[in-house]
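Here is how the chains run, residue by residue.
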Amino acid sequence: MYLEKLRLDGKVALVTGGAQSIGLATVEALAEAGAKVIIADRDETVAKAGQASLKAKGYDVDVVVMDVTDSARVNQVADDVVAKHGKIDILVNNAGIARSMTPAETVTDEHWLNVIDVNLNGTFWCCRAFGNYMLKAGSGSIVNIGSMSGFIVNKPQEQAFYNASKAGVHHLTKSLAAEWGSRGVRVNAVAPTYINTPLTAFVKDDPKMWDAWVGGTPMGRMGETDEIASVVHFLASDAASLMTGSIVSADGGYTCW
Ligand code: NDP
């Protein structure tokens, strides 16, 4: 009974930014659990490479080109997915950018607006477009990728725009959970620590940053993409049927200190 709840057979899922890194690991986790999964990313070549890597593992996933900041395109993709598959059961809002290491007093309008646009606005456009179909169906599960940066201020890198965007994602998650809880749609978030992806690759060459990040983590290491994907999988599944509005930390203990 318990393992059954983690199965996603017959479910349709879409992962934004699903072409690589945390997104691609999430696509694999959901596909392995039985879902029909759609990679939605802005670069078709990278998305198709992600699709091919999963095909080699035996998973047949779809690809759509979608920039989450383009709300008209997001609406179109939601319409297309439901027209093709008849429904949308799971939405993972993973697309995000950081553009870290910029002191607040030097941040340009373009920099601030770009990070907020992808991380917060994009998450909302997707929740609204796909959430409408879930509400009509009376069921659905949305998992937003927040960050421990929505709880704490990272050091030493300055990234006020990113931290604010992720705190916004967390409270958007709770707000939608409250509005949609009685209508069958659950909305949760995962708040990861530093994960080994291209977004964080620069740190390996910077001993000061590495010490601050890894030394500031009780588990003494960064995370791997599959360690976030498995939390997303759990939240997306019926195993988390009582959970909505939860921001689940997967941070190696970073926020304990
Ligand atoms: P990556 O940069 O490795 O992958 C993100 C994917 O999202 C890329 O394929 C990227 O495409 C795509 N993307 C970016 N902008 C858009 C957009 N406007 N529309 C559609 N797709 C887009 O990131 P990570 O896997 O490291 O991060 C994934 C999520 O996890 C993000 O929300 C991030 O903030 C969050 N996170 C990451 C942590 C980490 O340490 N890595 C820690 C905590 C949270 P492209 O390459 O073209 O930009």
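Residues numbered from 1 in each chain as written. Predicted model: local features only at pLDDT ≥ 70, side-chain atom pairs only at ≥ 80, totals over all residues. Heavy atoms only, no water.

Enquirer: Can you explain helix 1 (residues 21-32)? Please cite residues and give values.
Expert: Compared with an ideal rise of 1.5 Å per residue, which puts 12 residues at 16 Å, helix 1 spans 17 Å between its outermost C-alpha atoms and is within 8% of the ideal. Counting buried residues in helix 1 gives 9 out of 12 residues, a clear majority hidden from the surface. Along helix 1, the residues classified as buried are I22, G23, L24, A25, T26, V27, A29, L30 and A31. Where helix 1 is buried, its residues contact strand 1 (12-16), strand 2 (36-41), helix 2 (44-55), strand 4 (90-93) and helix 7 (225-236). Among the residues trailing helix 1, G34 stands out with phi positive, at a value near 110 degrees. (Helix = DSSP H or I, 4+ residues; strand = E, 2+ residues; numbered from the N terminus. Expected span 1.5 Å × (residues − 1). Buried < 20%, exposed > 50% of the residue type's maximum accessible area, 1.4 Å probe, protein only. Contact = heavy atoms within 4.5 Å.)

Enquirer: Quick rundown of the pattern of salt bridges? Include the residues and the values.
Expert: This model, assessed by the stated rule, comprises 9 salt bridges. One salt bridge in this structure joins K84 and D62, with 3.0 Å as the shortest N-O distance. One end of the pair, K84, is in helix 3 (residues 71-85); the other, D62, is in strand 3 (residues 62-65), with 22 residues separating them in the sequence. Look at K84 and you get exposed, because its relative accessible area is 61%. Overall, the relative accessible area of 17% leaves D62 in the buried class. The salt bridge involving E227 is made with R221; its shortest N-O contact spans 2.7 Å. Its relative accessible area of 29% is what places E227 among the partly exposed residues. Residues participating in the shared-partner salt-bridge network are K36, D62 and K84. (Salt bridge = Lys/Arg side-chain N within 4 Å of Asp/Glu carboxyl O.)

Enquirer: Describe the packing of aromatic side chains, naming the residues involved and giving the relevant values.
Expert: Evaluated as defined, the whole model comprises 4 aromatic pairs. Ring geometry for Y194 against W213: centres 3.4 Å apart, planes inclined by 5 degrees, an arrangement best described as stacked. One end of the pair, Y194, is in the loop between strand 6 (185-192) and helix 6 (207-215); the other, W213, is in helix 6, with 19 residues separating them in the sequence. Across the pair, W213 and Y194 agree in class, each one buried. A cation sits over an aromatic face here: K136 above Y133, 4.9 Å from the ring centre. (Phe/Tyr/Trp six-rings, centres within 6.5 Å; stacked < 30°, edge-to-face > 60°. Lys NZ or Arg CZ within 6 Å of the ring centre and 35° of its normal.)

Enquirer: So, the site of the ligand: which residues are in play, and what are the values?
Expert: Around the ligand lies a shell of 27 residues, among which S21, R42, Y162, I195 and T197 are the nearest. Here an oxygen atom of the ligand sits 3.2 Å away from a polar atom, N or O, in the main chain of I22. Residue V68 places a main-chain N or O atom 3.0 Å away from a nitrogen atom belonging to the ligand. Isolated, the ligand exposes 900 Å² of accessible area, and the fraction of that covered by the protein chains is 91%. The cavity where the ligand resides is the largest pocket. Contributing elements (two or more residues each) for the shell around the ligand: helix 1 and helix 5 (160-180). Tallied by class, the residues present in the shell around the ligand amount to 13 nonpolar, 10 polar and 4 charged. (Near = heavy atom within 4 Å. Polar contact = N/O pair within 3.5 Å; in protein donor to acceptor, adjacent residues only side chain to side chain. Areas by Shrake-Rupley, 256 points an atom, 1.4 Å probe, with all protein chains shown as cover. 1 Å grid on protein atoms, 1.4 Å probe; cavity = no way out; pocket = protein on both sides within 12 Å on 5 of 7 lines; lining within 4 Å. Sits in = over half its atoms within 2 Å of the grid points. Nonpolar A, V, L, I, M, F, W, Y, C, P; charged D, E, K, R; others polar.)

Enquirer: Explain the sheet that holds strand 3 to me, and be specific about the residues and the numbers.
Expert: The strand order across the open sheet built from 7 strands is 3-2-1-4-5-6-7, with neighbouring strands paired in parallel fashion. This sheet does not close on itself; its edge strands, each paired only once, are strand 3 and strand 7 (247-250). Strand-to-strand, the axes of this sheet are offset by a mean angle of 20 degrees, without reference to chain direction. Inspection of the sheet shows strand 1 paired to strand 4 by 3 bridges, in the parallel sense. Its bridge partner lying in strand 4, A13 is registered against I90. Against the sheet, helix 4 (residues 109-137) touches strand 1, strand 4, strand 5 (140-145) and strand 6, its axis set at about 175 degrees to strand 4. Lying on the sheet, helix 5 is in contact with strand 5, strand 6 and strand 7; it crosses strand 6 at an angle near 160 degrees. (Pairing = 2+ DSSP bridges. Axes fitted to C-alpha atoms, helices over the stretch in contact; angles between N-to-C directions.)

Enquirer: Would you mind going over unusual backbone geometry in detail, with residue names and values included?
Expert: The residue after K155, namely P156, is reached through a cis peptide bond having omega 5 degrees. Note that P156 resides in the loop between strand 5 and helix 5. Positive phi, normally seen in glycine, also occurs at S21, with a value near 55 degrees. Looking at the secondary structure, you find S21 in helix 1.

Honestly, it's all geometry; don't read function into it.
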